[in-house]
Amino acid sequence: MCRWIAYRGQTIALEHYVTEPAHSLISQSIHALESTAALNGDGFGLGWYGQHPEPGLYREVRPAWSDENLRYLCRHLRSHLFFAHVRAATGTAITRPNCHPFACGRWLFMHNGFIGSWNRLRRKVEALIPDELYPSRVGTTDSEAVFLAILGAGLIGSVVQADPVAATARVIAELVRLVNEEGYGEPLRFTAALSNGQDLYAFRFAVNDAANSLYYRSERKGVVVVSEPLDSDRSHWTAVPNDSVVIARAGEPVEVVPFLSRRQDAAE
């Protein structure tokens, strides 16, 4: 599975978390320690916020370790909120539109996980994307489809204040129903990050399978959420519980709250 990093806090260079640590994201692309796929070489991407409401993107199909531009970009790009992702494909093509993160308007999203029997469920999942957002569907991954469905569940075009956790819960609850319909019991893994340029939301959830690993570290300068710790000193890192969401809003303490528990899934 993929590996990723999300940061929100004081403005810093991306290299501080993406390329410099002993177990940096580049190191994880070569040898991940807590992933079903040790090698994550099917492309990578950066997403960051700067002077514009919409995020910047840099995505490449080459492995992260083979792109000579990546270290230079991470040294010179500075941001208060950024995503970085290395991909291990789960059946869809290795193309630039399929590399994470994904952006639409001011929203940024990346994902580690999959929807079981994606080819069977693809049309039903894509049907969750509103017509006005479907032109933004340029890749073929389940991740991008879920992202656009979440945006359409109340984050874009809503007359009420957007609630990213509630919108995500609505879509994931529907995915739980789809993977379990007709007794299939397909696995669903959803370890993802979502941002509007101000706030960061990181989810860890799974049904019919074990959730992918997720950790966070909160310190004075900000919070960083990672697929696996960036160093060997695990005392600095807190494992995110299953079925939880990490919420890092501007000017507020970091929260970790329950997200769509399995008991709720069963009730629905």
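Cut-offs used in this document
- Residues numbered from 1 in each chain as written.
- Predicted model: local features only at pLDDT ≥ 70, side-chain atom pairs only at ≥ 80, totals over all residues.
- Heavy atoms only, no water.
- Helix = DSSP H or I, 4+ residues; strand = E, 2+ residues; numbered from the N terminus.
- Rg over C-alpha atoms; globule rule 2.2 N^0.38 Å.
- Buried < 20%, exposed > 50% of the residue type's maximum accessible area, 1.4 Å probe, protein only.
- Contact = heavy atoms within 4.5 Å.
- Areas by Shrake-Rupley, 256 points an atom, 1.4 Å probe, with all protein chains shown as cover.
- Lys, Arg positive; Asp, Glu negative; His and termini not counted.
- Charge placed at Lys NZ, Arg CZ, Asp CG, Glu CD.
- Disulfide = S-S within 2.5 Å.
- Pairing = 2+ DSSP bridges.
- Axes fitted to C-alpha atoms, helices over the stretch in contact; angles between N-to-C directions.
- Salt bridge = Lys/Arg side-chain N within 4 Å of Asp/Glu carboxyl O.
- Polar contact = N/O pair within 3.5 Å; in protein donor to acceptor, adjacent residues only side chain to side chain.
- Parallel < 35°, antiparallel > 145°, perpendicular 65-115°, else oblique.
- Left-handed = near helix turned anticlockwise from the far one by under 90°.
- Nonpolar A, V, L, I, M, F, W, Y, C, P; charged D, E, K, R; others polar.
- Expected span 1.5 Å × (residues − 1).

Draft legend 1. Broad picture of the overall build of the protein chain. From N to C terminus, the protein chain includes seven helices and 13 strands. Since a compact globule built from 268 residues should have a radius of gyration of about 18 Å, the 17 Å found for the protein chain is in line with a globular shape. With the C-alpha coordinates of the protein chain rotated into their principal frame, the extents come out at 50 × 40 × 40 Å. Sorting the 268 residues of the protein chain into buried and exposed places 57% on the buried side. Nonlocal contacts in the protein chain, meaning residues at least 24 apart in sequence, comprise 64% of its contacts between residues at least 6 apart. Summed over its atoms, the accessible surface of the protein chain is roughly 11,500 Å², and 50% of this surface lies on carbon and sulfur atoms. Averaging the positions of the 26 positive and the 29 negative side-chain charges in the protein chain gives two centres separated by 2 Å.

Draft legend 2. Fine view of the state of the cysteines. Applying the stated criterion to the full structure yields zero disulfides. In this structure Cys2 is not part of a disulfide, and its nearest cysteine sulfur, from Cys99, lies 9.5 Å away. Since its relative accessible area comes to 6%, Cys2 is described here as buried. The thiol of Cys74 is unpaired, and the distance to the nearest cysteine sulfur, on Cys99, comes to 15 Å. For Cys74, a relative accessible area of 0% puts it in the buried group.

Draft legend 3. Representation of the sheet that holds strand 7 (residues 188-195). Strand order in the open sheet formed by six strands is 5-6-7-8-12-13, and the pairing between neighbours is antiparallel. Two strands close off the open sheet at either side, each with one partner strand: strand 5 (102-104) and strand 13 (255-258). Put simply, the sheet's adjacent strands are angled 20° from each other on average, direction ignored. Pairing between strand 7 and strand 8 (residues 200-207): eight bridges, direction antiparallel. Counterpart to Phe190 in the pairing with strand 8 is Phe205. Lying over the sheet, helix 6 (residues 164-180) contacts strand 6 (107-115), strand 7, strand 8 and strand 12 (244-248), oriented at roughly 20° with respect to strand 8.

Draft legend 4. Quick look at the side chain of Arg87. Note on placement: Arg87 falls in the loop between strand 4 (78-86) and strand 5. For Arg87, which is buried and forms no salt bridge, the nearest opposite charge comes from Asp42, at a distance of 6.1 Å. One polar contact links the side chain of Arg87 to the main-chain carbonyl oxygen of Ala93, over a distance of 3.1 Å.

Draft legend 5. Main features of the packing of helix 5 (residues 142-155) against helix 6. At a closest axis distance of 8 Å, the pairing of helix 5 and helix 6 adopts a crossing angle of 125°. Judged by the angle between their axes, helix 5 and helix 6 are oblique. In the crossing of helix 5 with helix 6, the sense of the turn from one axis to the other is right-handed. Of the residues in helix 6, those in contact with Val146, Ala149, Ile150, Ala153, Gly154 and Leu155 of helix 5 are Pro164, Ala167, Thr168, Arg170, Val171, Ile172 and Leu175. The residue inventory of the contact of helix 5 with helix 6, partitioned by class, reads ten nonpolar, two polar and one charged.

Draft legend 6. Structural context of the sheet that holds strand 3 (residues 56-60). Spatial strand order, 3-2-4-1-10-9-11: seven strands in an open sheet with antiparallel pairing. Since the sheet does not close on itself, it has two edges, and those belong to strand 3 and strand 11 (238-239), each with one partner. The pairing of strand 1 (residues 3-13) with strand 4 spans eight bridges and is antiparallel. Within the sheet, the bridge partner assigned to Ile5 lies in strand 4 and is Ala84. Contacts from helix 3 (residues 68-76) reach strand 1, strand 2 (44-48), strand 3 and strand 4 within the one sheet, and its direction differs from that of strand 2 by about 15°.

Draft legend 7. Examining helix 6 more closely. For helix 6, built from 17 residues, the straight-helix expectation of 24 Å at 1.5 Å per residue is met to within 8% by its first-to-last C-alpha distance of 24 Å. In terms of residue burial, helix 6 counts as a mostly covered element, since twelve of its 17 residues are buried. Among all positions in helix 6, only Pro164, Val165, Ala167, Thr168, Ala169, Val171, Ile172, Ala173, Leu175, Val176, Leu178 and Val179 are buried. Sitting at the amino-terminal end of helix 6 is Asp163, which places a side-chain oxygen 3.2 Å from the backbone nitrogen of Val165. Positive phi appears at Glu182, one or two residues downstream of helix 6, with a value of about 60°.

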